[in-house]
Amino acid sequence: MAQLEISGLDVHIGNTAVCRGLDLRLGGGERWAILGRNGAGKTTLLHTLAGLRRPDQGTLLLDGTALDTLPRRHVARQVGVLLQDHLDAFPASVMETALIGRHPYLGSLQWEGPADYALARDALRAVGLDGLEDRNVATLSGGERRRLGIATLLTQDPALWLLDEPTNHLDVHQQIRILDLLQARSQAEGKTLLLVMHDLNLALRYCNRFLLLFGAGKTAQGSADDVLTRSTLEHLYGHPMHTLDGPRGPVWLPG
Amino acid sequence: MRPLLLFSGLLALALAGFGWSLTSGSIDIGWRELAAAVFDTDPDLHARVILELRWPRAAAAFVTGALLALAGALMQVLLRNPLADPYVLGISGGAATGALLTLLLGLGGLWLHGAAFSGALFSMLIVFGLAHGRGSWTINRLLLTGIVIAAGWGAVIGFLLALSPEQNLRGMLFWLMGDLAYAGMPLAGFIVLVAGLLIALALGRSLNILAHGELAATTLGVPVAALRRLIYVLASLLTAAAVTMGGSIGFVGLVVPHMLRLQGVRDHRLLLPAAALLGGSLLLIADTLARTLLAPRQLPVGILTALVGVPVFLVLLYRSRELHGREG
């Protein structure tokens, strides 16, 4: 199983530090949540971990090899990314979009075969988009597009999933459905997940490791018991927080 | 649209275009004589001679149109802008400057082609170097550099026109509007077209993915920076080959890819060869009209591409809006 080892990572946005000297080990089927307020650099850090952006300092090793020396095709078989938003200047159908997840596995003159179509169809069914295969992506709702992004990742089938706000635009039922799906994949196939999350309670329900970005380069990481205390969270969000007892443990409410 | 139907339709269109072009002109040749000459059953010397004169012109029109449509489709993906055409980055301006200089100096023939091609390459290198700057090569930077260089060429062209004696102006204006009268047999252009098409086909799936955005393409394993440089060089060379043969023939490169996209051809592995076939056929038909419409007077084909292309494109656009209305 792929493992991403991060050491001594410095990331800046302009003059603002996102993290300094961050050490992190992603692998072994853990489910990480990145928490922090707006502008703390969650997306920037995620892009850095995906190799989309150069860190200011530090090393990223994918299975022991420096990430930036590996061919992108190789990386794409190990690391998949759900970006915050999608661009489409040119029209594409839902099926075509789900199929692009197969790109890293196909030779340059090779066409998608029946097996690739089967994978894409399974992925679309898993996120509840079956029956929409021929629809133009531009006519989908925000939530449907989000689920299509997840379906593309399912066809890509990497070992390490980096997801930027996967529940964005999703209704309550779809949030749970998608996160259940991701968790099931993680548990059954040992996929490692890293999710940028704004909903603290969903993060608590689905993740077992947490990375907190306080801004100004300060970070904390660990299990819920280690880092998700009231004083830490109030410091993290700059807002008073309360807990209630819920059916699955504590539920956090902003004060 | 089914690929088989699409390509058999396009091939039929291309063959019909060639047939019409070869049988049209000041001297009548019927389809029967054409078939006889092509299949060598009845070596009628008269028809032979006429065809040997018409064939290079028809072939040049087809190859030029194919080059332009292919280059246009590539530029549109590169700049992720459906409004891009092969000339948007100033390549035709460089070619025109070279061509007008030779016309001004009274040189012709091979000099004209050589100067146009050198001008196009020169312009391509300037834009490439300037847009590259120090590492960053964003779409906007490339587009702005190209547009500014194109504007600069525009000024140089205006200056050359102002300097030229009256008797040269007509030839210059024809070149600027696009004219295939001096294209000659398009052997070099044909080689560039075939090589370009093969490379473009190998890049096809990567182009599909690049259309989803650079970040998304990178995460799917596309080496975006290298791919974009390759597309830029490829599209530029295709454009340079086309303007060298026919001057700045407008419209084909912008509109042909959209005609196909409006018909639902989205996969670049189909779109690129289809654009080459359709662009070639369209320019062949336009050039035949340009030769025959006001015969014996010949029109610059650039005027005809727009006259044929505008209504065809508007009809397609109108019909597709109806379709979208029903879908949405």
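Source: prediction; values computed, not measured.

Glancing now at the interface of chain B and chain A. Residue-level contacts link 21 residues of chain B with 26 residues of chain A. Of all the elements in the fold, those that place two or more residues in the side of chain B that touches chain A are helix H8 (187-210) and helix H9 (214-219) of chain B. Residue composition of the side of chain B that touches chain A, grouped by class: nine nonpolar, eight polar and four charged.

What follows covers the sheet that holds strand S4 (residues 57-62) of chain A. Residues and elements named next belong to chain A. Pairing in this open sheet of four strands is antiparallel, and the strands run S2-S1-S4-S5 from one edge to the other. If you trace the sheet from one side to the other, it starts and ends with strand S2 (16-26) and strand S5 (65-66), each paired once. As paired strands, strand S1 (residues 4-13) and S4 are joined by five bridges and run antiparallel to one another. Looking across to S4, one finds that Leu 4 is bridged to Leu 62. Across the face of the sheet, helix H1 (residues 42-49) comes into contact with S1, S2 and S4 while running at roughly 135 degrees to S1.

All right, on to helix H5 (residues 142-156) of chain A then. Note that an α-helix has 3.6 residues per turn; residues three or four places apart therefore point the same way. In this model H5(A) runs 21 Å from its N-terminal to its C-terminal C-alpha over 15 residues, within 8% of the 21 Å that 1.5 Å per residue would give. Burial runs high along H5(A): 13 of the 15 residues are buried.

With that out of the way, let us pick up the sheet that holds strand S9 (residues 209-215) of chain A. Consider a sheet: its strands pair through backbone hydrogen bonds, and that pairing is either parallel or antiparallel. All names here are of chain A. The six strands are arranged S6-S7-S8-S3-S9-S10 in an open sheet whose pairing can be described as mixed. Because the sheet does not close on itself, it has two edges, and the strands there are strand S6 (79-82) and strand S10 (218-222). On average, each strand axis in the sheet is tilted by 15 degrees relative to the strand beside it, whichever way the strands run. The sheet contact formed by strand S7 (residues 160-164) and strand S8 (residues 192-196) spans five bridges and is parallel. Each bridged residue has a counterpart across the sheet, and for Asp 164 the counterpart in S8 is Val 196.

Let us now look at the pairing of S9(A). All names here are of chain A. For S9, the tally of buried residues reaches five of seven residues, placing the bulk of the element in the interior. Across five bridges, strand S3 (residues 31-36) lies against S9 in parallel orientation. Within the sheet, the bridge partner assigned to Ala 33 lies in S9 and is Phe 210. Across five bridges, the pairing between S9 and S10 is antiparallel. Looking at the pairing, Phe 210 lines up with Gly 222 of S10. Two successive antiparallel strands, S9 and S10, enclose a turn made up of two residues, where Ala 216 displays a positive phi of approximately 55 degrees.

Thresholds applied
- Residues numbered from 1 in each chain as written.
- Chains lettered and ligands numbered in written order.
- Predicted model: local features only at pLDDT ≥ 70, side-chain atom pairs only at ≥ 80, totals over all residues.
- Contact = placed C-beta atoms within 7 Å.
- Helix = DSSP H or I, 4+ residues; strand = E, 2+ residues; numbered from the N terminus.
- Nonpolar A, V, L, I, M, F, W, Y, C, P; charged D, E, K, R; others polar.
- Pairing = 2+ DSSP bridges.
- Axes fitted to C-alpha atoms, helices over the stretch in contact; angles between N-to-C directions.
- Expected span 1.5 Å × (residues − 1).
- Buried ≥ 20, exposed ≤ 12 C-beta atoms within 10 Å, placed from the backbone.

So yeah, pure geometry; function would need other evidence.
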